[in-house]
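Inside the fold
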Amino acid sequence: LQPYISQNTCSLVDIQDVEGYRDDNSIDDKRSNVWSTSSDCFDEYCVYTNNAFLGEGISLITTASNYLRVSEIQTREAVSRSSYDKARIIEIPGKGKGLVANRTIRKGEAIMAARPALLVHRDAFSELPLEDIFHLMDVAVNNLPKPRKESYLAQAGTMGGHKITDILFTNSFQVAVGGHDGFHYGNFPEVSLLNHDCRPNLAFFIDRNLTHYTHAVRDIEPGEELTISYIDPLQVRSVRQERTRNTLGFSCACSHCTLSENDADASDARLLTMSRIESELADFSSQASSPALIEEYLSLYRREGLEHNLAGAYTLAALNYNLFGKADMAKKYAQLSVEAGLLESGPDAADVREMKTLADYPESHWSWNKKPYRIYN
Ligand SMILES: C[S@@+](CC[C@H](N)C(=O)[O-])C[C@H]1O[C@@H](n2cnc3c(N)ncnc32)[C@H](O)[C@@H]1O
């Protein structure tokens, strides 16, 4: 495995200069590689820093094998895209700072493409004593290039305690870098101003090059807040609220969580019906599925305002219509699944590729006509 050799090679001295942290243990020849490591390691976890990684600078707290996986990423494409032409920062009642649209944003429009400033191996938190974690976190953030360190430290920390760690927990995404132990907490400072909403107007995904993409999933009016969902939006209100309160540390003030009791009960009833129908549609031998059931399922999804989470529902619809041997409907929903999947999971996602194939060749797909509809009609 060869670490990424950047065209934009920086001297290791740049890193040594940051607040006195020394990286006296460089991994690679500094003429050919911008990665460096600090001598601060605990067990198998060390700090690795690259002050030009994908154009911006990143620190990792991870194992040697995960470092090698990350350092293999060779994207040189300048994807960085900030939201600042489309949105501005304001105080949002009950949520702290947030982003609101400056202008009309159309469904499908790209909002941001952001790279991580910090990746921390998930197991480091269970395997290392807290004081060792805090030390590694300090080294990792202090070793970042100055603008990157400043944008890390400008993020909100809402849980208290060690500030740099608090910021990570308040603002992290799960990032898998590959392999069986590739799970990390990832921090993307540019994304951190997006508040949570159980019915958000943006979808996001992180691709295999560690880029975090956000896209609008419906038209957004000027002045409307831009939001993503931090949790599973298909849970009923009490479960969603318990999750934001107990795991993420805040009481959700989104409009769906603050519905009247009657409206919240109606939403919960829809979610339970959707879950019941989904079990039937996902069981390809079920005799209960029918075109009417598929359409009811999709209309409940739309009624619930789940536009950021539609790809899976369209996939199930496409597969079920194809099982019935109804090619036109299978194609229609496979195309809608691809359209939604590109915003929710990106072009490399397995489902997106499979639905493209189904849309093009429904009759060659494994599901074709396995349950001819006339039998169940
Ligand atoms: C990733 S930050 C979002 C930006 C943050 N509001 C700020 O001021 O920088 C996550 C924090 O924002 C607040 N937050 C986000 N969504 C919220 C919501 N739906 N209801 C209440 N607070 C929310 C919580 O304090 C949460 O811990």
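Residue numbers run consecutively from 1 along every chain, following the written order of its sequence. Totals for whole chains, interfaces and linings use every residue, but because this is a predicted model, local features are given only for residues with pLDDT of at least 70 and side-chain atom pairs only at 80 or more, for both listing and counting. Hydrogens and water molecules were not included; the side-chain quantities draw on all heavy atoms of the structure.

1. Quick word on the packing of aromatic side chains
Think of it this way: a Phe, Tyr or Trp ring, Trp meaning its six-membered ring, pairs with another when their centres are within 6.5 Å, and the plane angle makes it stacked under 30 degrees, edge-to-face over 60, tilted otherwise. Inspection of every chain in the model, using the stated rule, returns 14 aromatic pairs. With a centroid separation of 5.5 Å and 55° between ring planes, the pair formed by Trp35 and Phe53 is classed as tilted. Note that Trp35 is positioned in strand E1 (residues 35–42) and Phe53 in the loop between strand E2 (45–50) and strand E3 (58–62), a separation of 18 residues in sequence. For the pair formed by Trp35 and Phe53, the shared burial category is buried. Both rings, one in Phe173 and one in Phe204, keep their centres 5.1 Å apart while their planes meet at 75°; by these two values the pair is edge-to-face. One end of the pair, Phe173, is in strand E8 (residues 172–176); the other, Phe204, is in strand E11 (residues 202–206), and 31 residues separate them in sequence. Exposure classes here rest on a 1.4 Å probe applied to the protein chains alone. A residue is buried below 20% of its type maximum, exposed above 50%, and partly exposed in between. Taking the relative accessible area as the measure of exposure, Phe173 reaches 14% and is therefore buried. Only DSSP runs of H or I reaching four residues or more are called helices, and only runs of E reaching two or more are called strands; each is numbered from the N terminus.

2. Topic: the site of the ligand
Among the 19 residues in the neighbourhood of the ligand, the closest are listed as Lys95, Lys97, Asn195, His196 and Ala253. In protein, a polar contact means a hydrogen-donor-capable atom and an acceptor-capable atom, both N or O and within 3.5 Å, with residues adjacent in sequence counting only if both atoms are side-chain atoms; elsewhere, any N or O pair within 3.5 Å suffices. Within the side chain of Asn195, an N or O atom sits 2.8 Å from a nitrogen atom of the ligand. To be clear on the numbers: accessible area is Shrake-Rupley with a 1.4 Å probe, and residue cover counts the displayed protein chains and nothing else. With the chains in place, 92% of the 570 Å² that the ligand exposes on its own is no longer accessible. Definitions used for this entry: grid spacing 1 Å over protein atoms alone; cavity, a set of points where a 1.4 Å probe fits but cannot get out; pocket, an open set with protein on both sides within 12 Å along at least 5 of 7 lines; lining residue, one with an atom within 4 Å of a point. Whether a molecule lies in a cavity or pocket depends on its atoms, and more than half of them have to be within 2 Å of the grid points. The site holding the ligand turns out to be the largest pocket. Put simply, the parts of the chain that give the shell around the ligand at least two residues each are strand E5 (96–101) and strand E10 (195–196). Under the convention adopted here, Pro, Cys and the residues Ala, Val, Leu, Ile, Met, Phe, Trp and Tyr are nonpolar, Asp, Glu, Lys and Arg are charged, and Gly plus all remaining residues are polar. Classifying every residue of the shell around the ligand by side-chain character gives eight nonpolar, nine polar and two charged. A single heavy atom is enough: if one lies within 4 Å of a molecule or strand, its residue is considered near that molecule or strand.

3. Observations regarding the pattern of salt bridges
Within this document, salt bridges are pairs made up of a side-chain nitrogen of Lys or Arg and a carboxyl oxygen of Asp or Glu, the two lying within 4 Å of each other. Under the defined criterion, the tally for this structure stands at 12 salt bridges. The shortest N-O distance in the salt bridge between Glu109 and Arg103 comes to 3.0 Å. The exposure class assigned to Arg103 is partly exposed, which follows from its relative accessible area of 32%. Arg270 is the salt-bridge partner of Glu304, the closest N and O atoms lying 2.8 Å from each other. A residue pair is termed long-range when its members are at least 10 positions apart, and Glu304 in the loop between helix H9 (291–303) and helix H10 (311–323) and Arg270 in helix H8 (residues 261–282) qualify at 34 residues. Beyond isolated ion pairs, a larger network of salt bridges with shared partners links Glu56, Arg148 and Glu190.

4. Considering the state of the cysteines
We call a pair of cysteine sulfur atoms a disulfide when they lie within 2.5 Å. Counted under the stated rule, the structure contains one disulfide. Each sulfur in the disulfide pair Cys41 and Cys46 lies 2.0 Å from the other. The sign of the 115° torsion about the S-S bond sets the Cys41-Cys46 disulfide as right-handed. Given the relative accessible area of 32%, Cys41 is considered partly exposed. Of the residues examined, Cys46 reaches a relative accessible area of 12% and is grouped as buried. Here Cys254 stays unpaired: no disulfide links it, and the sulfur of Cys252, its closest cysteine neighbor, is 3.6 Å away. According to the relative accessible area criterion, Cys254 is buried, its value standing at 1%. This cysteine, Cys257, is not joined by any disulfide, and Cys198 carries the nearest cysteine sulfur, 3.7 Å off.

5. Considerations on the nonpolar core
In globular proteins that are soluble, nonpolar side chains generally tend to be buried together. Only buried Ala, Val, Leu, Ile, Met, Phe, Trp, Tyr and Cys residues count toward a nonpolar core, and they belong to the same one when joined by side-chain atoms within 4.5 Å. Counting 32 residues, the largest nonpolar core has Leu281, Ile294, Tyr297, Leu298, Tyr301, Tyr333 and Met355 as its most contacted members. Among the elements of the structure, H8, H9, H10, helix H11 (327–344) and helix H12 (350–360) are those that each provide at least two residues to this core. At eight residues, H10 tops the list of elements feeding residues into this core. Note on contacts: a residue pair is in contact if any heavy atoms of the two residues lie within 4.5 Å. Beyond its immediate stretch of four places on either side in the chain, Tyr301 contacts Leu234, Met274, Glu278, Leu306, Asn309, Leu310 and Ala313. In terms of nonpolar packing, the next biggest core, distinct from the first, is built from 31 residues, Ile73, Ala87, Ala101 and Leu202 among them.

6. A short note on the layout of surface pockets
If you add up the space inside the largest pocket, you get close to 1,400 Å³. In this structure, the largest pocket is lined by 47 residues; those nearest its centre are Thr170, Asn171, Ser172, Phe173 and Tyr230. The greatest single-element share of the lining of the largest pocket, amounting to four residues, is contributed by E11. Of the residues assigned to the lining of the largest pocket, the class counts are 24 nonpolar, 17 polar and six charged. Inspection of the lining of the largest pocket shows a minimum of three residues originating in each of domain 1 (12–226) and domain 2 (261–376). Grid points are joined across faces, edges and corners, and a volume is the space filled by probe spheres set on the points. Reported here for the second largest pocket is a volume of approximately 270 Å³. Examining the composition of the lining of the second largest pocket, we find that three residues originate from one element, E11, more than from any other. For the purposes of this description, domain bounds are those given by an automatic or database domain assignment.

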